[in-house]
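Structural overview
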Amino acid sequence: MPPSLEPLTLVHVVFSSRLAGGELHCVDLANAQAALGHRVHVVGMAGSAVEGALAPGVRFHGLKLPLMRGWRVAVLSRRLGADVCHGHLGPACKAVARASGAARVGTLHVGYKPHHHARMDGLVCVNRAQHDSLPQGRDGLASLIYNWAPERRPSTTPSADLRTELGLAPGQLLVGSVGRLQQAKGMDLLVTAFKAHAPADAALALLGEGPDRALLENLAAGDPRIRLLGFRTDVDRALQGLDLFVSASREEAL
């Protein structure tokens, strides 16, 4: 939105307690809108990691219990005088549908589900396949806006170059991937393929956290070349140290 527009009151809703792709998308958007001078609020669950990632100009509203979230979002949206109420991920979109008096927008971080998105005034698709698969009558209310990969705010404890951090020798091959450790991202396929085909002195770095960590550790079977580095805020910097980036996703919003 051009800075010349009158400031808007924008309310984003995301109920996840963790930080992953959809949540970071919400954070990036909220922070950027606040930097343009808009009045930006984010509604989420109390104690969510989303709160700590927001810029000082964004106000976070934490819900302590997951009861009657739609009604509570609607009440808060009216009290704040929201011009736009924007849901991120299905449960948040279902709650945003209750917010009368504001434009109700939902971003399809995963895909269209009628019980989550049918009552939205507008939809944001993050890839062409999502837009093309919308039911008839909804495609005219949707826009295609691809995801982005901005530089993140520097960590309070900046990390060294990834190759130095891993103790790699000059010329040693470094393969890597970034994503939540869950089946859809296919990290198990990557670990299996790496063990079967990578050069003996190559290294594999997986950046991300998730429920499949124990599974991946079992697949690695103590192989010192395979490193699970957990959630990172310095992804842009880490990518610069890779010789090969692999996306092994079984499905992917990007």
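Model, not experiment: these values are computed from the prediction.

Criteria and cut-off values
Residues numbered from 1 in each chain as written. Predicted model: local features only at pLDDT ≥ 70, side-chain atom pairs only at ≥ 80, totals over all residues. Heavy atoms only, no water. Helix = DSSP H or I, 4+ residues; strand = E, 2+ residues; numbered from the N terminus. Rg over C-alpha atoms; globule rule 2.2 N^0.38 Å. Buried < 20%, exposed > 50% of the residue type's maximum accessible area, 1.4 Å probe, protein only. Contact = heavy atoms within 4.5 Å. Areas by Shrake-Rupley, 256 points an atom, 1.4 Å probe, with all protein chains shown as cover. Lys, Arg positive; Asp, Glu negative; His and termini not counted. Charge placed at Lys NZ, Arg CZ, Asp CG, Glu CD. Pairing = 2+ DSSP bridges. Axes fitted to C-alpha atoms, helices over the stretch in contact; angles between N-to-C directions.

Moving on, we get to the overall build of the protein chain. Counting secondary structure elements, the protein chain contains ten helices and eleven strands. The C-alpha radius of gyration computed for the protein chain amounts to 20 Å, which stays within 12% of the reference 18 Å derived for 254 residues, consistent with globular compactness. In the protein chain, which comprises 254 residues, the proportion classed as buried is 47%. In the protein chain, the share of contacts with a sequence separation of at least 24, taken over all contacts with a separation of at least 6, comes to 53%. Accessible area for the protein chain stands at about 13000 Å²; split by element, carbon and sulfur atoms hold 56% of it. Each charge sign in the protein chain was given a centre, from 27 positive and 22 negative side chains, and these centres are 10 Å apart.

Right, let's talk about the sheet that holds strand 11 (residues 244-245) for a bit. Strand pairing in a sheet relies on backbone hydrogen bonds, with the paired strands running either antiparallel or parallel. Here four strands make up an open sheet; going across it, the order is 10-9-8-11 and the pairing parallel. The outermost strands of the open sheet, each flanked by one partner alone, are strand 10 (226-230) and strand 11. Both strand 8 (residues 174-178) and strand 9 (residues 203-207) contribute to a ladder of five bridges, which runs parallel. Bridging across to strand 9, Val175 finds its partner in Leu204. Sitting on the sheet, helix 8 (residues 187-197) is in contact with strand 8, strand 9 and strand 10, with an inclination near 170 degrees to strand 9. Against the sheet, helix 9 (residues 213-220) contacts strand 9 and strand 10, and its axis sits at roughly 165 degrees relative to strand 10.

This part takes up the pairing of strand 6 (residues 122-125). Both faces of strand 6 are covered, namely the face carrying Gly122 and Val124 and the face carrying Leu123 and Cys125. As paired elements, strand 5 (residues 103-108) and strand 6 share four bridges and run parallel to each other. In the strand pairing of strand 6, Gly106 is matched with Leu123.

Turning to the sheet that holds strand 1 (residues 9-13), a few remarks are in order. Ordered by their spatial adjacency, seven strands build an open sheet running 3-2-1-4-5-6-7, and the pairing between neighbours is parallel. Strands at the two margins of the open sheet, each flanked by one partner only, are strand 3 (58-63) and strand 7 (142-144). Along the sheet, successive strands turn relative to each other by an average axial angle of 20 degrees, direction set aside. Strands in contact with helix 1 (residues 21-35) are strand 1, strand 2 (39-45), strand 3, strand 4 (84-88) and strand 5; relative to strand 1, the strand with the most contacts, it is inclined by about 170 degrees.

In short, the description is geometric, and any link to function would need to be established separately.
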